[in-house]
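Inside the fold
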Amino acid sequence: MTAALYDITDPALAGRGVTRIEWALREMPVMRRLMAQFSEHRPLGGARVSGCLHITSETANLARVLVAGGARVVLCASNPLSTQDDVAAALVTNFDIPVFARRGESTEVYYQHISAALDHRPQLTMDDGADLISEMHKSRRELLDDLRGGTEETTTGVVRLRAMARDGALRVPVVAVNDAMTKHLFDNRYGTGQSTLDGIIRATNILLAGRVFTVAGYGWCGRGIAMRAKGHGANVIVTEVEPLRALEAAMDGFRVIPLLEAAAQSDFIVTATGDKHVVDRAHFEVLKDGCVLANSGHFNVEINIPVLEAMATQIRDARPHVQEYVLQDGRRVYLLAQGRLVNLSAAEGHPAAVMDMSFANQAMVLDHLWNTTARLAADVHPVPHEIDRQVARFKLDTMEIGIDALTEEQAAYLSSWREGT
Ligand code: ADE
């Protein structure tokens, strides 16, 4: 049997996908600049690249930049519910980039698609959640010899990869794109902040002003969600397990209390912790009637859905992306997007202007991995500082923001210890 060349929902959606990809590119000036540079210098000439990413219009533009740089790119989805089917169709039909992704695919098909992307025998990988790299290490080890390195887009993936490195299991270098300043300060904070609120509002159309809105986790994503919920006039509670973050949330002006206490008074609870069963049986038992539950963490494990299902006497679709669970005592709980990333499932993910920086890091790091002569150790590596600064400089340029430069005297002062009072 010959391998499928792609697997998407409907090639006929391509026209709408192209329009959407072009619309995103308008908001991605750094990527436009890289596209021109990559077309001229072809830094990825001949590289086979497999990407397991959310299949969105922004990702499409990343793939186009890599192809302009000479790479042969294959994509699969990093989440069963985030694929934009029209974008997948456009990539296959108009841009000749194989895609294995269908919105709403089963877990089984999700892994079949990862396997198909690995059949490309990647020399470079891009992950959003570490599924590609972890599948290679678990079941396709013969491919590891060809793999020069990979990139990781998200916090959860970096955590998994560090665990692999700690166990001595990681066999290739992976660059933690997530940890670049030009990634997490903007994408995780402002991107997740805006798109999570967007997903909740599109799904429910419930007024946030005056409502109690709890954010579980005060990492960069939680900070962004809490900040934007406050902007909508919600009364925001933050819950944390980490004392430094809890203190920061308190001094940022949020009420910080344990989640069990918050559960009884919240109209909304949004998880962004990266951990599992954050909202669990004990919380379901005391939830306020009508509470809306949503997740913005990478995996759909933060809300214990099997337990919620077992506790429900009735489950029905209340409206698209909203499931109503009726509990034994008659209280109703509304779960958004099956507990999957609400910003990508019920909305369109982060706006292109932040993905512009995240994906500029991706493209420049792949160039670095492909062209660096020094072989990197099998470990999790930071994005080279020069790449991070370059992305910031490019972005500032495109925003027409000028900044000052140190005088020689100031530079000398900063590098000397002799001068005091
Ligand atoms: N992750 C969050 N938002 C995204 C987007 N718009 N495209 C790709 N990955 C994302």
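Now for a quick tour of the structure. Keep in mind it's a predicted model, so treat the numbers as computed, not measured. What you see as residue numbers is a count from 1 along each chain, following the sequence as written. Totals for whole chains, interfaces and linings use all residues, but because this is a predicted model, local features are given only for residues with pLDDT of at least 70 and pairs of side-chain atoms are given and counted only at 80 or more. The basis for the side-chain values is all heavy atoms of the structure; hydrogens and waters are excluded.

As for the sheet that holds strand 12 (residues 312-319)
Just so we agree on the cut-off: Two strands qualify as a pair provided that DSSP identifies no fewer than 2 bridges between them. Each helix corresponds to a stretch of at least 4 residues labelled H or I by DSSP, and each strand to a stretch of at least 2 residues labelled E; elements are numbered beginning at the N terminus. Note on definitions: a residue-residue contact is assigned when non-hydrogen atoms from the two residues lie within 4.5 Å. Lines fitted to the C-alpha atoms define the axes, with helices restricted to the stretch that makes contact. Angles between their N-to-C directions range from 0 to 180 degrees.
The 8 strands lie next to each other as 9-8-7-10-11-14-13-12, forming an open sheet whose pairing is mixed. A strand with exactly one partner marks an edge of an open sheet, and here the two such strands are strand 9 (255-256) and strand 12. Bridge analysis of strand 7 (residues 212-216) against strand 8 (residues 235-239) gives 5 bridges, and the strand direction is parallel. Among the inter-strand pairings, T214 is bridged to a residue of strand 8, identified as I237. Seen against the sheet, helix 9 (residues 220-231) touches strand 7, strand 8 and strand 10 (268-271) and runs at an angle of roughly 170° to strand 7.

What to know about the site of the ligand
The condition is simple: Near, as used in this document, describes a residue that has one of its heavy atoms within 4 Å of the molecule or strand being considered. Two N or O atoms form a polar contact when they lie within 3.5 Å of each other; inside protein one atom must be a possible hydrogen donor and the other a possible acceptor, and for residues adjacent in sequence the pair counts only when both atoms belong to side chains. Residues are grouped as follows: nonpolar covers Ala, Val, Leu, Ile, Met, Phe, Trp, Tyr, Cys and Pro; charged covers Asp, Glu, Lys and Arg; every other residue, Gly included, is treated as polar.
Close to the ligand lie H54, T56, E58, T59, L344, E348, G349, H350, M355 and F359, which account for all nearby residues. Here a nitrogen atom of the ligand and a side-chain polar atom of E58 are 2.9 Å apart. H350 is positioned with one of its backbone polar atoms (N or O) 2.8 Å from a nitrogen atom of the ligand. Sorting the residues of the shell around the ligand by element identifies helix 3 (57-68) and helix 15 (352-371) as the ones contributing at least two each. For the shell around the ligand, the class distribution of residues is 3 nonpolar, 5 polar and 2 charged.

Points about the nonpolar core
For clarity, the threshold we go by: Here the nonpolar core consists of buried residues drawn from Ala, Val, Leu, Ile, Met, Phe, Trp, Tyr and Cys, with membership extended through side-chain atoms lying within 4.5 Å. Exposure classes here rest on a 1.4 Å probe applied to the protein chains alone. A residue is buried below 20% of its type maximum, exposed above 50%, and partly exposed in between.
Within the largest apolar cluster, 55 residues are counted, with the highest numbers of intra-cluster contacts made by L34, L44, V49, I55, L66 and V99. Per-element accounting of this core gives the leading share, 11 residues, to helix 15. Sequence-distant contacts of V49, that is, excluding residues within four places in its chain, are made with L66, A71, R72, V73, V74, H120, L124, M126 and L366. Residues L208, F213, A294 and L336 belong to the second largest nonpolar core, which totals 26 residues.

Observations regarding helix 4 (residues 85-93)
The buried count for helix 4 comes to 8 of 9 residues, which makes it a mostly enclosed element. Turning to helix 4, its buried residues are D85, D86, V87, A88, A89, A90, L91 and V92.

What about the environment of G51?
Summarising the element assignment, G51 is placed in strand 1 (residues 48-53). Taking the C-alpha atoms as reference points, G51 and M126, separated by 75 residues in sequence, lie 4.5 Å from one another. When sequence neighbours within four positions are dropped, the list of residues in contact with G51 reads V74, L75, C76, M126 and L132.

A short note on the sheet that holds strand 1
Strand order across the open sheet formed by 7 strands is 3-2-1-4-5-6-15, with parallel pairing between neighbours. Only two strands of the sheet have a single partner each, and these edge strands are strand 3 (99-100) and strand 15 (380-382). Where strand 1 and strand 4 (residues 124-127) come together, 4 bridges link them in parallel fashion. Across the sheet, residue S50 finds its bridge partner in strand 4, namely T125. Sitting on the sheet, helix 15 touches strand 1, strand 4, strand 5 (149-152) and strand 6 (174-176), and the angle it makes with strand 5 is about 160°.

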